[in-house]
Amino acid sequence: MLNGMSIRIHLMDGDAEGRLSAEFVTRVVRAYKIPRTKVLKSGDLDDLHTPAVYFLLGDDDTGKSPEGKRVYIGETEDPLERFGNHLSKKDWWNEAIILVASNGFLNKAHVKYLESRFTAIAGEASRYEVDYSRDSNQPKLTKADIDELEGFIADARLLIPTLGHRFLEPFVKKTAPTQNNSVEEADGELFYLRRDMAVGKRTNEGFVVLKGAKIKSKLVPSAADFVKNSRDKYQNLIVD
């Protein structure tokens, strides 16, 4: 069983809709959540002039995202300077999350590694439409650096959902089976529909139908309106 932990959230403008910072009491990862309208008013934050990985967040107008959201993942040595460019060239995002190290550990190579890893994780989670710099290859780092950065990533994946975004988390978390249990038991209670049709499970976010499930090609006339509407809304998720 995991131990509990504490996160300190600071409403920097005394307003829940304004800028805020979030960090673990005893760890180095620090996150800033800043509305688009207040990005250029944040020059007083020294952390926004240090190496960082960041996420631009807004609505997805492509219809590809299950949650209707879009995220751009990037890295920079000076977030405030970088956001000046994003404000003029990207009009779809409405807030940014910036991750820095409170102890100044991160450098250019580190944040490029983080950008690459976060891009892969967000893409695999498939919650938001993911956009990123095309030059996001992982740099060569020492084993010690990689171990530290993977710890940073693990902490960030706990911190970011407290800021209202779960784009790094899959709908169903996989747990490796042990010697004494099966995959089904390791993943929790699974529900089967005719065994060969579909498999699903309950999660904290509701009931999830697992990838690879089959559905009938046509709806019966008695299908409820919400079923018909859902079929139209999520048509892009149906392979064949």
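Check the entry above for the structure.
Structural notes, computed from the coordinates. Because the structure is predicted, anything quoted here is derived from the model rather than measured.

### Considerations on the sheet that holds strand S7 (residues 129-132)
With mixed pairing, the seven strands of this open sheet are ordered in space as S1-S2-S3-S6-S4-S5-S7. Since the sheet does not close on itself, it has two edges, and those belong to strand S1 (7-11) and S7, each with one partner. Direction aside, the axes of adjacent strands within the sheet are offset by 20° on average. Two strands pair when backbone bridges link them, and S1 and strand S2 (residues 20-24) are joined in this way by five bridges, in the antiparallel orientation. Looking at S2, one finds that Arg8 is bridged to Glu23. Against the sheet, helix H1 (residues 79-89) makes contact with strand S4 (52-59), strand S5 (69-76) and strand S6 (93-101), and its axis sits at roughly 30° relative to S4, the strand it touches most.

### Thoughts on the nonpolar core
If you look at the biggest cluster of nonpolar residues, it comprises 31 residues, and the most contacted ones within it are Phe55, Leu99, Leu114, Phe118 and Phe167. Elements that contribute at least two residues to this core include exactly S2, strand S3 (29-35), S4, S5, S6, helix H2 (108-125) and helix H3 (143-159). The element best represented in this core is H2, accounting for six residues. Contacts of Phe167, omitting those with residues within four sequence positions, involve Phe55, Leu57, Val71, Ala122, Ala125, Arg127, Tyr128 and Ile160. Counting residues in hydrophobic clusters, the runner-up holds 17 residues, among them Leu45, Ala52, Leu80 and Ile98.

About the criteria used
Residues numbered from 1 in each chain as written. Predicted model: local features only at pLDDT ≥ 70, side-chain atom pairs only at ≥ 80, totals over all residues. Heavy atoms only, no water. Pairing = 2+ DSSP bridges. Helix = DSSP H or I, 4+ residues; strand = E, 2+ residues; numbered from the N terminus. Axes fitted to C-alpha atoms, helices over the stretch in contact; angles between N-to-C directions. Contact = heavy atoms within 4.5 Å. Core = buried A, V, L, I, M, F, W, Y, C linked by side-chain atoms within 4.5 Å. Buried < 20%, exposed > 50% of the residue type's maximum accessible area, 1.4 Å probe, protein only.

It is worth stressing that arrangement in space is one thing and function is another; only the former is reported here.
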